[in-house]
Amino acid sequence: NACIWHAFFVFLYEKGTKDMSEKNTVPTTEMHSAFVGEVCAIVEEGRQKACSAVNSAMIETYWRVGQRIVEEEQRGKERAEYGEQLINHLSARLTHEYGAGFSARYLRAFRKFYILMPDIEIWKSRFPNLTWTHIFRSLRVGDDTAIRWYLQMASQEMWSVRTLERNISTQYFERHFKQPQLP
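In this convention, every chain numbers its residues from 1, walking through the sequence in written order. The predicted nature of this model means local features are confined to residues of pLDDT at least 70 and side-chain atom pairs, given and counted, to a pLDDT of 80 or more, with totals for whole chains, interfaces and linings taken over all residues. Hydrogens and water are ignored here; the side-chain numbers use all heavy atoms of the structure.

## With respect to the overall build of the chain
Along the backbone of the chain there are nine helices and zero strands. Counting from the amino terminus, helix and strand elements in the chain follow one another as α-α-α-α-α-α-α-α-α. Expressed as a percentage of the 183 residues in the chain, the buried residues total 30%. When the accessible surface of the chain is totalled, it reaches about 12800 Å², and 55% of it is carbon and sulfur. Numbering goes from the N terminus for both helices and strands, where a helix is a DSSP run of H or I of at least four residues and a strand is a run of E of at least two. The buried label goes to any residue with under 20% of its type's maximum accessible area, the exposed label to any with over 50%, and the partly exposed label to all in between, with areas taken from a 1.4 Å probe on protein chains only. All accessibility values rest on the Shrake-Rupley procedure with a 1.4 Å probe; residue burial counts only the protein chains present in the view.

What follows is the structure, given as structure tokens:
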């Protein structure tokens, strides 16, 4: 726990102040606890901001990798001719260079993310609170409209990844928004 130090510090403070006289101006345990609690809140806020900044940089990096894959695959053509070879080769090189996290499966997800959302600035403004895990889980859905809807709802409703996965697995979008096929 982030505030284990708080409990330890209070213990040391209480132990050290038992022998002190009443005239001492050392703050009381309650005042000290409030102070330490405030400092813990500041540290937690800083950690949360750092995680958010890292997540944002990671998403933008993955989007840019997806962009480069699409550009390289297509080389100005409407459709790619050698995408799978390119992705497998890139995966091997990136995995060798940077370790796990660059499998062919992930690279295909980066590519799909870019194709789904070709403007990163729109992404940043519409879905600033989503993590890569939200995106990755959504990309498994077969329908691009459904993917966008799941991402929009996850962002608006502040769905956890677990809630998003549950809604995808129960086909929430399909059950509520798809028109039934008439015979």
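## Brief notes about helix α7 (residues 144-156)
One fewer than the residue count of a helix, multiplied by 1.5 Å, yields its expected span. Under the 1.5 Å per step criterion, the end-to-end length of α7 is 18 Å for 13 residues, consistent within 8% with the ideal 18 Å. All of the buried residues along α7 are Ala 146, Ile 147, Trp 149, Tyr 150, Leu 151, Gln 152, Met 153, Ala 154 and Ser 155. Whether two residues touch is decided by their heavy atoms; if any such pair falls within 4.5 Å, the residues are in contact. Looking at the buried residues of α7, the elements they touch are α4 (104-116), α5 (120-126), α6 (132-138), α8 (161-169) and α9 (172-177). Identification of polar contacts relies on pairs of N or O atoms within 3.5 Å, with a donor-acceptor requirement for protein atoms, meaning one able to donate a hydrogen and the other able to accept it, and with residues adjacent in sequence counted only if both atoms are side-chain atoms. For α7, the N-terminal cap is Asp 143; the gap from its side-chain oxygen to the backbone nitrogen of Thr 145 is 2.7 Å. Met 158, located one to two residues past α7, shows a positive phi value of around 55°.

## Let's talk about the nonpolar core
Looking at soluble globular proteins, one finds that nonpolar side chains tend to be buried together. Core analysis: the largest hydrophobic core is formed by 37 residues, its most contacted members being Phe 113, Trp 123, Trp 132, Ile 135, Leu 139, Tyr 150 and Leu 151. Of all the secondary-structure elements, those providing two or more residues to this core are α2 (29-74), α3 (83-98), α4, α5, α6, α7 and α8. Here Leu 151 is in contact with Leu 116, Trp 123, Phe 127, Leu 130, His 134, Ile 135 and Ser 138, once residues within four sequence places are set aside. Among buried residues, the Ala, Val, Leu, Ile, Met, Phe, Trp, Tyr and Cys ones that are joined through side-chain atoms within 4.5 Å form a nonpolar core.

## Digging into α8
Among all positions in α8, only Thr 163, Leu 164, Asn 167 and Ile 168 are buried. On an axial view of α8, the arc spanned by its buried residues comes to 135°, and they lie on one face. Across α8 from its buried face, at more than 90 degrees, point the exposed residues Arg 162 and Ser 169. Of the surrounding secondary structure, the elements contacted by the buried residues of α8 are α6, α7 and α9. Positioned one or two residues after α8, Gln 171 has a phi angle of 55°, which is positive. As used here, the arc belongs to the directions running from the helix axis to the C-beta atoms.

Nothing here speaks to function; it is all geometry.
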